[in-house]
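# Topology and contacts: notes
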Amino acid sequence: MNPRNDTEISEFLLLGFSEERALQPLIFGLFLSMYLTTVFGNLLIILAVSSDSHLHTPMYFFLSNLSFVDICLTSTTIPKMLWNIQTQSKVITYEVCITQMYFFVLFAVLDSFLLTVMAYDRFVAICHPLHYTVIISPRLCALLVLVSWVMSALHSLLESSMVLRLSFCTDWHIPHFFCELNQMVQLPCSDTFPNNMVMCFAAVLLGVGSLTGILYSYSKIVSSIYGISSSQGRYKALSTCASHVSVVSLFYCTSLGVYMSSAATHSSHSNAKASVMYTVVTPMLNPFIYSLRNKDIKRALKMFLGRATLKGHEVLSLKKCP
């Protein structure tokens, strides 16, 4: 794949959220705090799941993968934005821009796939509890995650390759804080009809397909829950799905909200601000959603932090010894 198109363009300008210099320190501090919270929160989920043998189950295996993808998703965009603010530069090279776009699409689509896989896991756990361990085997878990990665990588490669064929003439300004695919396709002076067709087809096939799978799974789950005779059993079944439903609602509602607002308004800065909800806020809130309502995660986090604190005290004690 040729990393450059046939134009002389070597860089783009990321316009970000505001041109006012006085707001740049505030934006820097806000996004730095959100980024650190996202990385720290999701990393704690991964460490808690990996360190507690009671959490070595399919549900938490998928959750740790989701946390890893959320870290990667925010790391694709935020560090570059923070660096540009710190250096008071808006420049991003052509190669870095294409690379950033590729990995952002990869991890965003992978997020959607993993949420769909997690919905299927809850469907089997509630609707077919006696056959759960047989159906959701370790081999199937690994296969589902692998297929999600491969499909996301191929889709992102297709979208990036379609952008590489475009010619950029004079408009090198991207009204966003990162190289977002939809914004990139609006810049070229060449024909972007094939790009728009691929984007629409991918949105229907991947986005709508994933959401349909999630809604179908939960329609079956709700039907099964209503068939449970005891109220305690219904509550227990609902509690296992509450966190996932919250994360799915947050991810899809914010994503759909951004694209609906972009279709309704021509304000690029408004679209950039709205996209913060699913690019930054959603990955930041996911660890809190899963940990606040999940007793197993809370217990694992307390045990992990307790062991880490104990090891820290032991190291300090050894250093003090003559």
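Conventions used here
- Residues numbered from 1 in each chain as written.
- Predicted model: local features only at pLDDT ≥ 70, side-chain atom pairs only at ≥ 80, totals over all residues.
- Heavy atoms only, no water.
- Disulfide = S-S within 2.5 Å.
- Helix = DSSP H or I, 4+ residues; strand = E, 2+ residues; numbered from the N terminus.
- Buried < 20%, exposed > 50% of the residue type's maximum accessible area, 1.4 Å probe, protein only.
- Axes fitted to C-alpha atoms, helices over the stretch in contact; angles between N-to-C directions.
- Parallel < 35°, antiparallel > 145°, perpendicular 65-115°, else oblique.
- Left-handed = near helix turned anticlockwise from the far one by under 90°.
- Contact = heavy atoms within 4.5 Å.
- UniProt positions renumbered as here; feature names shortened; annotations may be inferred.
- Expected span 1.5 Å × (residues − 1).
- Pairing = 2+ DSSP bridges.

### Remarks on the state of the cysteines
- Here the structure, examined in full by the defined rule, presents one disulfide.
- Through a disulfide, Cys97 is tied to Cys179; the S-S separation comes to 1.9 Å. A torsion of -125 degrees about the S-S bond marks the disulfide between Cys97 and Cys179 as left-handed. Separated by 82 residues along the polypeptide, Cys97 in helix H3 (residues 94-127) and Cys179 in the loop between strand E3 (173-174) and helix H6 (181-185) bring together distant segments of the chain.
- For Cys179, a relative accessible area of 1% gives the class buried.
- As a non-bridged cysteine, Cys241 has Cys127 as the owner of its nearest cysteine sulfur, 8.8 Å distant.
- On the basis of relative accessible area, Cys241 is assigned to the buried category, the value being 4%.

### Overview of the packing of helix H2 (residues 58-87) against helix H5 (residues 138-164)
- Direction vectors running N to C along H2 and H5 enclose 25 degrees, while the axes themselves pass 10 Å from each other. Here H2 is positioned roughly parallel relative to H5, judged by the angle of their axes. As H2 packs across H5, the resulting crossing turns out to be right-handed. Of the residues in H5, those in contact with Pro58, Phe61, Phe62, Asn65, Phe68 and Val69 of H2 are Cys141, Ala142, Leu144, Val145 and Trp149.

### Things to note about the UniProt feature "transmembrane region" (unreviewed entry) in the chain
- The UniProt entry lists residues 26-47, 59-78, 98-120, 140-158, 196-216, 237-260 and 272-292 under the feature "transmembrane region" (unreviewed entry), expressed in the numbering used here.
- Annotated as 100% helix and 0% strand, the span residues 26-47 places its first and last C-alpha atoms 31 Å apart.
- Its end C-alpha atoms 29 Å apart, residues 59-78 is made of 100% helix and 0% strand.

### So, H2
- Between its first and last C-alpha atoms H2 spans 44 Å; for 30 residues at 1.5 Å apiece the expected length is 44 Å, and the two agree.
- One or two positions beyond H2, positive phi appears at Gln88, with a value near 55 degrees.

### Considerations on the sheet that holds strand E1 (residues 11-14)
- Read from one edge to the other, the open sheet built from three strands follows the order E2-E1-E3, with strand pairing classed as mixed. Of all the strands in the sheet, the pair left with one neighbour each is strand E2 (91-93) and E3.
- Pairing of E1 with E3 involves two bridges; the strand directions are parallel. Its bridge partner lying in E3, Leu14 is registered against Ile174.
- In this fold H3 packs onto E1, E2 and E3, with an angle of close to 80 degrees to the strand it touches most, E2.

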